[in-house]
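Structural characterization, general
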Amino acid sequence: MTTEINATELATELTIAWLGNSNTRVSADDVPAFLQSMYATVTGLGTPADDTLSEPTEPEYTPAVSVRKSLASKDHIISMIDGKPYKTLRRHLSGHGLTPDEYRSRYGLKADYPMVAETYSESRRAMAKRIGLGRKAKATSDNPASADTAGVSTPKGRRGARKAEASDA
C-alpha cells in the first residue's frame, strides 16, 4: 500500500515539476491526462515486467525467395537473405556472419540444402580430376615404399645437373 502512495506522490511531484518549467505550454484540460500517464509510468517502473526477464526472442526472418525458386537454376543458387544469385553461398554467408548450418536453421532448410550451384560444382570436380587431385601416386614396383627411390632422379637447376653428372662418373 505504501508503494501506491509513493507512486502517487512521485507522479504528482514529477507533474508539478514538468508544469513548473517555463518552456512547457499545456492547457488545463491536458493536465489530468498527463498526470494519469505519469502515474502509469511510475507504477510500471516499480513492478518487474515479464518481458524484460524472459530471454529475447529471435526475430523472424522472411526469406527473399522460396526454397524452390532458390534452387530453380543449375547455374546459381539464389540467396534467401537478399534474393541475389551466387555460384557459392559460403563467402556470402560469412559476410552476413552466418555459417551454412545457421543459414539452414534460420530459414528452415534441410541438412542437404546445397551451398554450391550444381554447374559450378561439376566444373570444379572436372578440373580437380583433370589435374589429378584425389588419386594415389602410382608405384613403379611391387613395393610401394620403393616408389620414392625408384632410381630415377630429376636434377633441378644447374647445380643439380652437375651433381648428377659427377655421381654418374
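My aim in this report is to walk through the structure given alongside it, one point at a time. (Residues numbered from 1 in each chain as written. Predicted model: local features only at pLDDT ≥ 70, side-chain atom pairs only at ≥ 80, totals over all residues. Heavy atoms only, no water.)

A tally of regular secondary structure across the protein gives eight helices and two strands. Reading the secondary structure of the protein in the N-to-C direction produces α-α-α-α-β-β-α-α-α-α. Put simply, the protein has 169 residues, and 15% of those count as buried. Within the protein, residue pairs in contact and separated by at least 24 positions form 42% of the contacts whose partners lie at least 6 positions apart. By element, 53% of the accessible surface of the protein is carried by carbon and sulfur atoms, the whole surface being about 13900 Å². (Helix = DSSP H or I, 4+ residues; strand = E, 2+ residues; numbered from the N terminus. Buried < 20%, exposed > 50% of the residue type's maximum accessible area, 1.4 Å probe, protein only. Contact = heavy atoms within 4.5 Å. Areas by Shrake-Rupley, 256 points an atom, 1.4 Å probe, with all protein chains shown as cover.)

Our focus in this paragraph is a nonpolar patch on the surface. Taken together, W18, L19 and V26 make up a surface patch of nonpolar side chains, about 220 Å² in accessible area. Inspection of the secondary structure puts W18 in helix α1 (residues 2-20). (Patch = residues over 30% accessible without salt bridge, like charges linked within 9 Å, V, L, I, M, F, W, Y side chains within 5 Å. Salt bridge = Lys/Arg side-chain N within 4 Å of Asp/Glu carboxyl O.)

On to helix α7 (residues 118-131), then. In this model α7 runs 20 Å from its N-terminal to its C-terminal C-alpha over 14 residues, within 8% of the 20 Å that 1.5 Å per residue would give. Two residues or fewer after α7 comes G132, characterised by a positive phi angle close to 90 degrees. (Expected span 1.5 Å × (residues − 1).)

Right, let's talk about the pattern of salt bridges for a bit. As enumerated under the stated definition, the model contains two salt bridges in all. Linking R104 and D101 is a salt bridge whose minimum nitrogen-to-oxygen distance equals 3.5 Å. Residue R104 and its partner D101 are both found in helix α6 (residues 100-106); the two are separated by three residues, about one turn of the helix. You can call R104 buried: its relative accessible area is 13%. Residue D101 is classed as exposed on the basis of its relative accessible area, which comes to 55%.

Moving on, we get to the packing of aromatic side chains. Summed over all chains, the structure comprises two aromatic pairs. Here the aromatic rings of Y103 and Y107 are separated by 5.4 Å at their centres, their planes lie at 65 degrees, and the arrangement is edge-to-face. Considered together, Y103 and Y107 belong to a single accessibility category, that of buried residues. A connected cluster of aromatic rings, assembled from ring pairs, spans Y103, Y107 and Y113. The ring centre of Y61 lies 3.6 Å from the NZ or CZ of R106, which sits over that ring. (Phe/Tyr/Trp six-rings, centres within 6.5 Å; stacked < 30°, edge-to-face > 60°. Lys NZ or Arg CZ within 6 Å of the ring centre and 35° of its normal.)

Glancing now at the side chain of S70. Mapped onto the fold, S70 is located in helix α4 (residues 67-70). Here V67 takes part through its backbone oxygen, which lies 2.7 Å from a polar atom of the side chain of S70. Look past the residues within four positions of S70 in its chain and what remains in contact with it is V65, H76, I77, I78, M80 and Y113. (Polar contact = N/O pair within 3.5 Å; in protein donor to acceptor, adjacent residues only side chain to side chain.)

Before going further, it helps to examine the environment of L98. Note that L98 resides in the loop between α5 (90-95) and α6. The contact partners of L98, leaving out residues within four places of it in the chain, are I81, L93, Y103 and R106.

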